[in-house]
Amino acid sequence: MVERRRGAQQIADVANGLIDPVLARRAGINTALLGSWPEIAGPQFADCTRPEKIAWPRRDEAGDGRPQPGVLTVACEGSRALFLTHAQGELISRINSFFGFAAIRQLRIVQKPVAPQPKSRPLRPLDAIAASKLDDMVDGMEDGRLKEAIMRLGRGVLSSRKRPQR
């Protein structure tokens, strides 16, 4: 029987419960590693690296059944990969300290952009009624960055696809 928890739950706990099994199956990593990466990588590599996946070796039936250390693929930007190559021993020990056991034996460094590229789609133009409605909503605001941001948000909301009426 499943015990139900009463009361409020943090959204991060719910999301991690849903995301962790998918990440474990597809990439062999979890959200705890991704969330703690800046502390693990340290200030020198936090902004230019990202863990991508862990390739775990297959369990050997003849072995003692203990999990074998895997290979962590780390995305690194440009020339910083050379510096990461030289510091990989320290990074491996930090990762293994995070896991609490010898989880990683080797790093595989791939050069690629780490910062996510913003995905912007062009907005549909507003019709005259929606444009005047948006102008009326922000009419009392002073000109500035906040008004521009609210106008962009309003355009995004008002130009979104109309859902079919039920």
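Remember, predicted model here, so these are calculated numbers, not experimental data. Along each chain, numbering runs from 1 in the same order as the chain's sequence is written. pLDDT decides what is reported in this predicted model: residues at 70 or higher carry local features, side-chain atom pairs at 80 or more are listed and counted, and totals for whole chains, interfaces and linings draw on all residues regardless. Water and hydrogen atoms were dropped before computing side-chain values, which therefore reflect all heavy atoms in the structure.

> Quick question: what am I supposed to make of the pattern of salt bridges here?
Any two side chains of opposite charge can pair, given that their charged atoms come close. The rule for a salt bridge is simple: a side-chain nitrogen of Lys or Arg has to be within 4 Å of a carboxyl oxygen of Asp or Glu. One pass over the full model with this rule turns up four salt bridges. Between Asp47 and Arg80 there is a salt bridge whose closest N-O contact spans 3.8 Å. Here Asp47, found in the loop between helix H2 (31-45) and strand E1 (49-55), pairs with Arg80, found in helix H3 (residues 80-86); they are 33 residues apart in sequence, far enough to count as distant. For Arg80, a relative accessible area of 27% puts it in the partly exposed group. Glu90 is the salt-bridge partner of Arg94, the closest N and O atoms lying 2.8 Å from each other. With Arg94 and Glu90 both in helix H4 (residues 88-99), this residue pair falls four residues apart, about one helical turn. Summary of the burial criterion: residues with accessible area below 20% of their type's maximum are buried, those above 50% are exposed, and those between are partly exposed, where the area comes from a 1.4 Å probe applied to protein chains only. Take Arg94: its relative accessible area is 33%, and that puts it in the partly exposed class. Exposure remark for Glu90: the relative accessible area of 45% places this residue in the partly exposed category. A run of H or I in DSSP becomes a helix once it reaches four residues, and a run of E becomes a strand once it reaches two; helices and strands are each numbered from the N terminus.

> Please explain the packing of H2 against H4 as it appears in this structure.
Packed helices, taken two at a time, are described by the angle their axes make and the gap between the axes. For helices, the fitted axis covers only the stretch in contact; all axes are lines through C-alpha atoms, and the angles between them, taken along N-to-C directions, range from 0 to 180 degrees. Two elements in contact, H2 and H4, have axes whose closest approach is 10 Å; the angle formed by their N-to-C orientations is 135 degrees. Taken as axis vectors, H2 and H4 run oblique relative to one another. Like other packed secondary-structure pairs, H2 and H4 cross with a definite hand, here right-handed. Residues Ala32, Leu33, Ser36, Trp37, Glu39, Ile40, Ala41 and Gly42 of H2 pack against Leu91, Arg94, Ile95, Phe98 and Phe99 of H4. Per-class residue counts for the contact of H2 with H4 are nine nonpolar, two polar and two charged. Convention used here: angles under 35 degrees read as roughly parallel, angles over 145 as roughly antiparallel, angles from 65 to 115 as roughly perpendicular, and any remaining angle as oblique. Handedness of a helix crossing follows the sense of rotation of the near helix relative to the far helix, less than a right angle counterclockwise being left-handed and clockwise being right-handed. Note on definitions: a residue-residue contact is assigned when non-hydrogen atoms from the two residues lie within 4.5 Å. Residue type decides the class: Asp, Glu, Lys and Arg count as charged, Ala, Val, Leu, Ile, Met, Phe, Trp, Tyr, Cys and Pro as nonpolar, and the leftover types, Gly among them, as polar.

> Sorry if this is basic, but what is going on with the nonpolar core here?
Nonpolar side chains in soluble globular proteins tend to end up buried together. Here the nonpolar core consists of buried residues drawn from Ala, Val, Leu, Ile, Met, Phe, Trp, Tyr and Cys, with membership extended through side-chain atoms lying within 4.5 Å. Counting residues in each nonpolar core, the largest one holds 19 residues, and the members touching the most others are Trp37, Leu72, Leu91, Ile95, Ile104 and Leu107. If you list the elements that add at least two residues to this core, you get H2, strand E2 (70-76), H3, H4 and strand E3 (104-111). If you tally residues by element for this core, the top one is H2, at five residues. Setting aside anything within four residues of it in sequence, one finds Leu107 in contact with Leu72, Val74, Gln88, Leu91, Ile92 and Ile95.

> Can you help me understand the sheet that holds E2 in this one?
In sheet architecture, strand pairing relies on hydrogen bonds along the backbone and comes in two forms, parallel and antiparallel. Each pair of strands is called paired provided DSSP finds at least two bridges between the two strands. Here we have three strands laid out as an open sheet, ordered E1-E2-E3, and mixed in their pairing. Edge positions in the open sheet fall to E1 and E3, since each of these has one partner strand only. Each strand of the sheet is rotated relative to its neighbour by a mean of 25 degrees, with strand direction disregarded. Note: E2 against E3, seven bridges, orientation parallel. Bridging from a neighbouring strand, Val71 pairs with Gln106 of E3. Contacting E1 and E2, H2 runs over the sheet at an angle of about 125 degrees to E1. Relative to the sheet, H4 contacts E1, E2 and E3, its axis offset from that of E3 by approximately 120 degrees.

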